[in-house]
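# Notes for the structure review
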Amino acid sequence: MDQLKILFSDNLKSGKLYSDLRSFLENETDGANDVRYSEMLDYEHIDMLRESIPFNNICLIYTNYLYKSHFVRTYEKKKKIITEASTHYKDTDFTYSEDEFSTLDMNPYSLALILLIVDSNYLEDQYKGEENNITYKIKRLREKYGSVRIICIFIGVREFLNIIDYTKHPQIFYDKNDNIIFNNKHLDRFIASLLIQYNVDTVEIENSTDIHKYIFKCCKYLHQSKIRKLNSYFKVKPAGIMSQFKNDNLNENKMYYTWVSQLMQITGISQDIAIRIAEEFNTPYDLIVHFKKINDEECLKDLIISSAYGERKLGKALSRKIYRIFSPNSNPYNAVS
């Protein structure tokens, strides 16, 4: 892990964040291996990492292997022309396979992650010119570094907006611009815009006390992505579904496969139950419409479920659970576990 390199823009390198991180890395130990984490900040001997960073408040993390984020892989899949349809689900890792490595002309280091740090000072600086705007920086970073994953870290911005509402600030000219942050409502909209339009993740931190620990945690996750694929937060999708498709339409198969997998995320919903519900209601929309018309938590209790152990009814408890998730009429205060 000490082969990863962390680069800072000039203003950060001369500030408290850099000194806190260096001190933290020097004191951090790995009980199993003799890892010198402080070497992650030493890169002067590497020619390709000497180039200055064009913006302030930027942190770059380089890996000594080729890393691709989920966003990058999704973007490349959209551009790729599918020449042969396959009915077998193929999971993708966050790193290249050995075969892919052999076909690439790789540099010793690859840029894996860009951290764009935004503190409360940005709320004033965003009016001082286009070059100070976050979206402008993101576009320039994309031009320079390509489709590398970017995480925008907001430090104390929401807390500061709780004190000052810039829409009521007499010295600030109000302009209906989606890229300008006036209050927390605008901040929420801006964060959504970053994710949807620019494929940029966001993290909110109350203060800068532990920002250096977050940077180190990012490095650990990047290192883990080389060792093994990160565990999914969701259940493993049922392997037998693909062989149970009733038609050869690839798009319909994928929709059915996704719908069954979505149902299986609910605690207590087995593959047999999910398949039966998907047969009765072809899409989530169909299920939502049904619940809206019936408006009864136990309306699915008599649904017959077939399994290797015979047939049984879905039951009241699972019917209520599914209703509370998908019904627009469900009480938001009814907990689902």
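The name an unreviewed UniProt entry gives the chain is ERCC4 domain-containing protein, putative, with Plasmodium chabaudi chabaudi as the organism. One UniProt comment on the chain, placed under Subcellular location (unreviewed entry), says "Nucleus". UniProt's Cofactor (unreviewed entry) comment on the chain is quoted here verbatim: "Mg(2+)".

A word on the sheet that holds strand β5 (residues 200-205). What the five strands build is an open sheet, ordered β1-β2-β3-β4-β5; its pairing is mixed. Either end of the sheet is taken by a strand with one partner, and the two such strands are β1 (5-8) and β5. Here the average twist between neighbouring strands, direction ignored, is 20°. Here four bridges tie β1 to strand β2 (residues 58-63), and the two strands are oriented antiparallel to one another. Bridging across to β2, leucine 7 finds its partner in leucine 60. Across the sheet, helix α6 (residues 134-145) is in contact with β2, β3 (110-119), β4 (149-155) and β5; its angle to β3 comes to roughly 165°. Sheet strands touched by helix α8 (residues 184-198): β4 and β5. Its angle to β5, the strand with the most contacts, is close to 150°.

For the rest of this paragraph, the subject is the side chain of glutamine 126. Among the structural elements, glutamine 126 can be located in the loop between α5 (122-125) and α6. A relative accessible area of 4% places glutamine 126 in the buried class. In this structure the side chain of glutamine 126 is engaged in a polar contact, spanning 2.9 Å, whose partner is the backbone oxygen of isoleucine 181. Ignoring sequence-local partners within four residues, the contact set of glutamine 126 consists of Asn179, Ile180 and Ile181.

Here we take up unusual backbone geometry. Phi is positive for asparagine 199, close to 55°, though the residue is something other than glycine. Positionally, asparagine 199 belongs in the loop between α8 and β5. Classification of asparagine 199 by relative accessible area gives partly exposed; the value is 31%. Positive phi values are uncommon outside glycine, yet asparagine 295 reaches one of about 55°.

Right, let's get into the nonpolar core. The biggest cluster of nonpolar side chains holds 33 residues, and the ones touching the most others in it are Leu60, Ile114, Ile134, Phe154 and Leu194. Mapped by element, the contributors of at least two residues to this core are β2, β3, α5, α6, β4, α7 (157-163) and α8. Here leucine 60 is in contact with Lys5, Ile6, Leu7, Ile53, Leu111, Leu113, Ile114 and Tyr145, once residues within four sequence places are set aside. Leu12, Leu17, Tyr18 and Tyr37 belong to the second-largest nonpolar core, a separate cluster that totals 31 residues.

Reading guide: rules and limits
Residues numbered from 1 in each chain as written. Predicted model: local features only at pLDDT ≥ 70, side-chain atom pairs only at ≥ 80, totals over all residues. Heavy atoms only, no water. UniProt positions renumbered as here; feature names shortened; annotations may be inferred. Pairing = 2+ DSSP bridges. Helix = DSSP H or I, 4+ residues; strand = E, 2+ residues; numbered from the N terminus. Axes fitted to C-alpha atoms, helices over the stretch in contact; angles between N-to-C directions. Contact = heavy atoms within 4.5 Å. Buried < 20%, exposed > 50% of the residue type's maximum accessible area, 1.4 Å probe, protein only. Polar contact = N/O pair within 3.5 Å; in protein donor to acceptor, adjacent residues only side chain to side chain. Core = buried A, V, L, I, M, F, W, Y, C linked by side-chain atoms within 4.5 Å.

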